[in-house]
Amino acid sequence: MRKKIAVVGGGQIGQIVAMIASQKELGDVVVVDIPGYVNVVKGKALDLMEMAPHGNYDASIVGASEYQEIAGADVVIITAGKPREAGMTREDLLAVNLKIITEVAAGVKQHAPKAFCIVLTNPLDAMVYAFYKLTGFPKHQVVGMAGTLDTARWRAFIGMELGVSVADVAGTVLGGHGPDMVPLPRLTTVGGVPLAEIATKEQIDRLVTRTREAGTEIVKLFGKGSAFFSPAWSAISMAESYLRDKRRVLACAALCEGEYGVRGLFLGVPCLISGKGIEKVFEIQLTADEKAMLDKTCASVRKTVEETKL
Ligand code: APR
């Protein structure tokens with residue numbers, strides 16, 4: 001029997017998630033959206049079914065507005081919510097998206113209580129925390145998609161700057177999904193060569209800044225809405241690792257309970273995603289400077305999380 005992937009929110013990101021999940025034959029896909037948008041998601045689902053002969057994939061893709069349609073889902077990918085607009089911070093979104101996440105959490109808790117849940121809605125660190133609190137799901141079952149995207153951006157910018165294949169750029173980005181996230185140049189390599197040996201300090205500083213501002217760079221270009229291709233594929237990488245037990249190590253917003261000296265917050269940290277969900281959080285020995293940056297991003301995350309009052 002095929003696996004089942006539920007995508008809650010069939011907008012910009014959700015539609016790409018549905019497309020890649022189908023193309024990769026991760027399973028059947030159901031896209032849930034609000035009643036006022038259900039015909040659009042039904043149309044998108046049908047369009048994807050009609051793309052299958054070219055994409056050469058077998059999957060059932062449907063749109064729905066009722067949460068019972070997600071029953072039995074192995075993975076739930078949550079993209080429901082308003083995206084940022086130019087001039088807005090992710091925090092500006094908090095009140096409006098908290099209301100949406102509250103509704104989504106109730107639906108997922110009732111109809112897919114065993115699913116591995118990947119939250120994308122911004123402000124990410126607060127929304128994944130809220131979803132965890134509201135569902136009461138175990139911590140290995142709930143994760144936020146942020147670091148996987150931030151790391152993809154870091155790798156992409158290094159590839160572009162140095163003229164090398166992104167496939168050979170390895171590294172990670174820790175912390176919250178905001179401007180004080182912590183890319184780790186010290187631990188980044190290009191085909192095994194330390195980044196600091198092939199890039200100047202100025203280049204590295206520029207890459208760090210661009211990575212931190214990457215979401216905003218795209219928001220400014222769009223004027224309305226935020227990035228969707230890379231966020232969608234980042235969520236797929238996480239879902240695939242779970243569904244196929246690939247045991248990938250990806251930067252994810254996972255609940256920290258003492259790791260990095262952090263307790264009770266979802267923070268971007270390297271995680272092993274297996275068929276069991278978040279199987280392990282890896283702790284990196286940080287330098288004093290890196291630790292100071294992590295403390296700063298933690299303080300920002302804590303402040304946003306406190307605003308949820310959960
Ligand atoms: N239940 C289900 N779907 C909902 C709900 C809800 N309660 N409320 C809103 N939606 C749907 C919208 O109807 C829309 O189709 O969520 C979808 C969001 O799509 P977009 O507006 O295109 O936003 P997108 O760019 O996909 O971003 C979604 O992810 O990265 C974050 O900041 C981003 O919070 C935003 C989210």
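Note that this is a predicted model, so its numbers are computed, not measured.

By the definition in use, this model includes ten salt bridges. Residue Lys201 is joined to Asp205 by a salt bridge in which the shortest nitrogen-to-oxygen separation is 2.7 Å. Within this pair, Lys201 and its partner Asp205 are both found in helix α7 (residues 201–212), separated by four residues, close to a single helical turn. Judged by its relative accessible area of 36%, Asp205 is partly exposed.

Here the focus is the site of the ligand. Every one of the 22 residues lining the ligand counts as a neighbour, but Gln12, Ile13, Asp33, Lys82 and Asn122 are closest to it. Within the side chain of Asn122, an N or O atom sits 3.0 Å from an oxygen atom of the ligand. Applying the majority rule of atoms within 2 Å of the grid points places the ligand in the largest pocket. Only α1 (12–23) and α3 (94–111) provide two or more residues apiece to the shell around the ligand. With three residues, α3 is the single largest residue contributor to the shell around the ligand. Counted by class, the shell around the ligand contains nine nonpolar, ten polar and three charged residues.

One can read the domain layout of the protein as domain 1 (4–144) and domain 2 (148–306). In this complex, domain 1 contributes 37 residues to the contact, which on the side of domain 2 involves 38 residues. Between domain 1 and domain 2, roughly 3,400 Å² of surface is buried when both sides are summed, and carbon and sulfur atoms account for 70% of that area. At the junction of domain 1 with domain 2, the criterion picks out two salt bridges. Of the charged contacts in the structure, one is a salt bridge between Lys24 and Glu240, with a shortest N-O distance of 3.3 Å. Our enumeration of links across domain 1 and domain 2 arrives at seven residue pairs in polar contact (both at pLDDT 80 or more). The set of elements that each furnish at least two residues to the side of domain 1 that touches domain 2 consists of α1, β4 (75–78), β5 (116–119), α4 (124–135) and β6 (142–144). Its residues placed into classes, the side of domain 1 that touches domain 2 shows 23 nonpolar, four polar and ten charged.

Within this structure, the stated rule accounts for one cavity of 30 Å³ or more. Its boundaries defined by the atoms lining it, the largest cavity holds a volume of some 40 Å³. Lining of the largest cavity is provided by Gly10, Gln15, Ala18, Val31, Val41, Lys44, Ala45 and Leu48. Of the residues forming the lining of the largest cavity, the biggest block, four residues, is contributed by helix α2 (residues 38–55). Counted by class, the lining of the largest cavity contains five nonpolar, two polar and one charged residues.

As a volume, the largest pocket reaches approximately 980 Å³. Along its surface, the largest pocket is lined by 43 residues, and Thr79, Ala80, Gly81, Lys82 and Pro83 are the ones closest to its centre. Taken together, the elements giving at least two residues each to the lining of the largest pocket come down to α1, α3, α5 (147–162) and α8 (214–222). The leading source of residues in the lining of the largest pocket is α3, at five residues. Two domains each donate at least three residues to the lining of the largest pocket, and these are domain 1 (4–144) and domain 2 (148–306).

Moving on: unusual backbone geometry. The linkage connecting Asn122 with the following residue, Pro123, adopts the cis geometry, with an omega of -5°. Along the chain, Pro123 turns up in the loop between β5 and α4. Despite not being glycine, Asn56 shows a phi value in the positive range, around 60°. Counting through the fold element by element, Asn56 comes out in the loop between α2 and β3 (61–64). The phi dihedral of Lys309 is positive, around 55°, even though this residue is not glycine. Here Lys309 lies in the segment after α10 (288–307).

Core analysis: the largest hydrophobic core is formed by 91 residues, its most contacted members being Val76, Ile77, Val108, Ile118 and Phe131. Mapping this core onto the domain boundaries places at least three of its residues in each of domain 1 (4–144) and domain 2 (148–306). Once residues lying within four places of it in the same chain are set aside, the contact partners of Ile77 are Ile5, Ala6, Val7, Val8, Val17, Ile118, Leu120, Ala235 and Ala239. Core analysis: the next-biggest nonpolar cluster, separate from the first, contains 13 residues, Val173, Val190, Ile204 and Ala214 among them.

The pairing of strand β13 (residues 263–274) with strand β14 (residues 277–281) spans four bridges and is antiparallel. Counted as the bridge partner of Cys271 is Val281 from β14. Remark: two residues form the turn of the hairpin made by β13 and β14, two consecutive strands paired antiparallel.

Cut-offs used in this document
Residues numbered from 1 in each chain as written. Predicted model: local features only at pLDDT ≥ 70, side-chain atom pairs only at ≥ 80, totals over all residues. Heavy atoms only, no water. Salt bridge = Lys/Arg side-chain N within 4 Å of Asp/Glu carboxyl O. Helix = DSSP H or I, 4+ residues; strand = E, 2+ residues; numbered from the N terminus. Buried < 20%, exposed > 50% of the residue type's maximum accessible area, 1.4 Å probe, protein only. Near = heavy atom within 4 Å. Polar contact = N/O pair within 3.5 Å; in protein donor to acceptor, adjacent residues only side chain to side chain. 1 Å grid on protein atoms, 1.4 Å probe; cavity = no way out; pocket = protein on both sides within 12 Å on 5 of 7 lines; lining within 4 Å. Sits in = over half its atoms within 2 Å of the grid points. Nonpolar A, V, L, I, M, F, W, Y, C, P; charged D, E, K, R; others polar. Domains from an automatic or database assignment. Contact = heavy atoms within 4.5 Å. Buried area = accessible area lost by both parts, 1.4 Å probe. Points joined across faces, edges and corners; volume = space filled by probe spheres on them. Core = buried A, V, L, I, M, F, W, Y, C linked by side-chain atoms within 4.5 Å. Pairing = 2+ DSSP bridges.

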